[in-house]
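Residue-level structural notes
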Amino acid sequence: MKTLLLVYASQSGRTLQLAEAACLGAQPFADEVTVRLLPALTAGVADLLAADAVLLATPENFGYMAGALKDFFDRTFYPAQGKISGLPYAVLVSAGNDGRGALAAIERIACGYPLRLVLPPLLVRGELTAADHAAATELGATLAAGLSVGLW
Ligand SMILES: Cc1cc2nc3c(=O)[nH]c(=O)nc-3n(C[C@H](O)[C@H](O)[C@H](O)COP(=O)(O)O)c2cc1C
């Protein structure tokens, strides 16, 4: 059994909706992949060490990731050092009209662990559409499928 960890921050609920859509996408692989959806403020290093892949989900706030996700990185960076090298990850960002700052910051920090980006980032701008929900579902499905067949 593999574990897919979803760490999310969300203030008004958009990012959470996308993270939940990603969980839905992973559901068909439930026999092989356990999905854990955790708020960034409560996720910790033990959750990261137990994960076979991680999906990081955040809004863009002030040109950066949510403070809660940054806090997750701050708390886990040193305790995880040397223990999760190359852990596969993907990222989704819900932004008002940009999102590039959050994405760049996450990718930069992920290099430090180092985590391994295995899928193109999902960047959603503005109100969520059905297509955005579908893209998040597909992201979760692809991550879980890759885990289930040992692609990553
Ligand atoms: C304090 C604050 C700062 C924000 N800064 C940005 C920003 O720099 N760039 C951007 O595109 N959107 C920005 N937004 C908009 C949010 O990224 C957007 O509404 C997002 O979908 C919210 O996701 P959530 O509902 O998961 O919190 C900001 C929103 C808030 C509340």
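Heads up: these notes are all about the structure in this document. (Residues numbered from 1 in each chain as written. Predicted model: local features only at pLDDT ≥ 70, side-chain atom pairs only at ≥ 80, totals over all residues.)

**Focus on the overall build of the protein chain**
Condition: Here a helix means four or more residues in a row that DSSP labels H or I, a strand means two or more in a row labelled E, and each is numbered from the N terminus. Radius of gyration here uses only the C-alpha atoms, and the compact-globule reference equals 2.2 Å multiplied by the residue count raised to the power 0.38. Three exposure classes are used, all based on how many other C-beta atoms lie within 10 Å of a residue's own C-beta (placed from the backbone): buried at 20 or more, exposed at 12 or fewer, and partly exposed between those limits. We call two residues in contact whenever the C-beta atoms placed from their backbones are within 7 Å.
The number of helices and strands found in the protein chain is 5 helices and 7 strands. For the protein chain, the sequential pattern of α-helices and β-strands runs β-α-β-α-β-β-α-β-α-β-β-α. In terms of overall size, the protein chain behaves like a compact globule, its C-alpha atoms giving a radius of gyration of 14 Å where 152 residues would be expected to give roughly 15 Å. Based on the C-alpha atoms only, the size of the protein chain along its principal axes is roughly 35 × 35 × 25 Å. Counting all 152 residues of the protein chain, 40% fall into the buried class. Here the contacts in the protein chain between residues at least 6 apart in sequence split such that 83% fall between residues at least 24 apart.

**What about the environment of Cys 23?**
By secondary structure assignment, the location of Cys 23 is in helix α1 (residues 14-26). The spacing of Cys 23 and Ala 46 is 23 residues in sequence and 20 Å in space, taken between C-alpha atoms. Apart from residues lying up to four places away in sequence, Cys 23 is in contact with Leu 6, Val 35, Leu 37 and Gly 140.

**Looking at the packing of α1 against helix α5 (residues 130-148)**
Put simply, the test is: Helix axes are fitted to C-alpha atoms over the stretch in contact, other axes to C-alpha atoms as well, and angles between N-to-C directions run from 0 to 180 degrees. For classification, angles of less than 35 degrees are called roughly parallel, those exceeding 145 degrees roughly antiparallel, those between 65 and 115 degrees roughly perpendicular, and all remaining angles oblique. Left-handed is the label given to a crossing in which the near helix is rotated counterclockwise from the far helix by less than a right angle, and right-handed is the label when the rotation is clockwise. In this count, Pro and Cys sit with the nonpolar residues alongside Ala, Val, Leu, Ile, Met, Phe, Trp and Tyr, while Asp, Glu, Lys and Arg are called charged and the others, Gly among them, polar.
α5 packs onto α1 with a crossing angle of 45° between their chain directions and a minimal axis gap of 6 Å. Here α1 lies oblique to α5, going by the angle between them. For the crossing formed where α1 meets α5, the hand is right-handed. Contacts from Leu 18, Ala 21, Ala 22, Cys 23, Leu 24, Gly 25 and Ala 26 of α1 reach α5 at Asp 132, His 133, Ala 136, Thr 137, Glu 138, Leu 139, Gly 140, Ala 141, Leu 143 and Ala 144. For the contact of α1 with α5, the class distribution of residues is 11 nonpolar, 4 polar and 2 charged.

**Notes on helix α3 (residues 67-80)**
An α-helical segment advances 3.6 residues per turn. Residues three or four places apart therefore align on the same side. Applied cut-off: Here the expected span of a helix is defined as 1.5 Å times the quantity of residues minus one.
Here α3 contains 14 residues, and its C-alpha end-to-end distance of 19 Å stays within 8% of the 20 Å for a straight helix at 1.5 Å per residue. Those residues of α3 not exposed but buried are Ala 68, Leu 69, Phe 72 and Thr 76. Packing partners of the buried residues in α3 comprise β1 (2-8), α2 (45-49), β3 (53-61) and β4 (64-65).

**Structural notes on the pairing of strand β2 (residues 33-39)**
On any regular strand, side chains alternate: one points to one face of the sheet, the next to the other face. To keep it simple, the criterion reads: Each pair of strands is called paired provided DSSP finds at least two bridges between the two strands. Call a crossover right-handed when, viewed with both strands pointing away from you, the route from the first strand across the helix to the second goes clockwise.
The pairing of β1 with β2 spans 7 bridges and is parallel. The residue of β2 that forms the bridge with Val 7 is Leu 38. Handedness of the β1-α1-β2 crossover: right-handed.

**Details of the site of the ligand**
Threshold: We count a residue as near a molecule or strand when its backbone-placed C-beta atom lies within 6 Å of that partner.
Close to the ligand lie 18 residues, the nearest being Ser 10, Ser 12, Thr 15, Pro 59 and Gly 96. Elements supplying a minimum of two residues to the shell around the ligand: α1, β3 and β5 (87-95). When the residues that make up the shell around the ligand are grouped by side-chain class, the tally is 4 nonpolar, 11 polar and 3 charged.

**A short note on α5**
The test is simple: Summarising the geometry, the arc corresponds to the directions from the helix axis toward the C-beta atoms.
The end-to-end C-alpha distance of α5, which contains 19 residues, comes to 27 Å, matching closely the 27 Å that a straight helix rising 1.5 Å per residue would cover. Within α5, the full set of buried residues consists of Asp 132, Ala 136, Leu 139, Gly 140, Leu 143, Ala 144, Gly 146 and Leu 147. Projection of α5 onto a plane perpendicular to its axis shows the buried side chains occupying an angular sector of 165°, all on one side. Turned more than 90 degrees away from the buried face of α5 sit Ala 130, Ala 131 and Ala 134, all of them exposed.

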